[in-house]
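Structural overview
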Amino acid sequence: AGRAHKMAAARRSRRLFDIFVAEVPWTVSSKELKEYFSQFGSVQRCQLPFDKDTGFHKRYCWIKFSSPEEAQNALQKDSHVLEGAKV
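Please read all numbers here as calculations on a predicted model, not as lab measurements.

Its place among the elements puts Gln-47 in strand 2 (residues 43-47). For Gln-47, a relative accessible area of 39% corresponds to the partly exposed category. Beyond its immediate chain neighbours, meaning those up to four positions away, Gln-47 contacts Tyr-60, Cys-61 and Trp-62.

Let us now look at the packing of aromatic side chains. Scanning the entire structure with this criterion turns up seven aromatic pairs. Measuring from centroid to centroid gives 6.1 Å for Phe-37 and Phe-40, while their planes differ by 45°, and the two rings are tilted. Directly above the ring of Trp-26 sits Arg-59, whose terminal nitrogen or CZ lies 5.2 Å from the centroid.

A general feature of soluble globular proteins is that nonpolar side chains tend to end up buried together. Ile-19, Leu-33, Phe-37, Cys-61, Ile-63 and Phe-65 are the most contacted members of the largest nonpolar core, which totals 17 residues. Only strand 1 (18-22), helix 2 (30-37), strand 2, strand 3 (60-65) and helix 3 (68-76) provide two or more residues apiece to this core. Among all residues touching Phe-65, those that are not within four sequence positions of it are Phe-17, Ile-19, Phe-37, Phe-40, Gly-41, Ser-42, Val-43, Gln-44, Glu-70, Ala-71 and Ala-74.

What counts and what doesn't
- Residues numbered from 1 in each chain as written.
- Predicted model: local features only at pLDDT ≥ 70, side-chain atom pairs only at ≥ 80, totals over all residues.
- Heavy atoms only, no water.
- Helix = DSSP H or I, 4+ residues; strand = E, 2+ residues; numbered from the N terminus.
- Buried < 20%, exposed > 50% of the residue type's maximum accessible area, 1.4 Å probe, protein only.
- Contact = heavy atoms within 4.5 Å.
- Phe/Tyr/Trp six-rings, centres within 6.5 Å; stacked < 30°, edge-to-face > 60°.
- Lys NZ or Arg CZ within 6 Å of the ring centre and 35° of its normal.
- Core = buried A, V, L, I, M, F, W, Y, C linked by side-chain atoms within 4.5 Å.

Written as C-alpha cells, this is what we have:
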C-alpha cells in the first residue's frame, strides 16, 4: 500500500513541475525555449503544439522541469523576455 500511495503522490505533484508559457513569439522554437528555461533548472520537456493548418506553433507551450523547486525558480522571475517579446 505504501508504494501505491507514493505513486499517487508523485502523480499529483507532477503538475507542479510544469509551467505554462503563453504569448510565445512565432520566431521562437522549442529548442530555444528549452535553452532559455534551462537557466532555472533541468528542463525535461518542452511541448510547443503546432497548428497543422498554418504550420506555425500555437504561441504557447508547457515546460516540464525535473522538480517543483525548479518550476518555482522560473515562476519567481518577474518577466521572461524571448527575442524582445515578453512571454
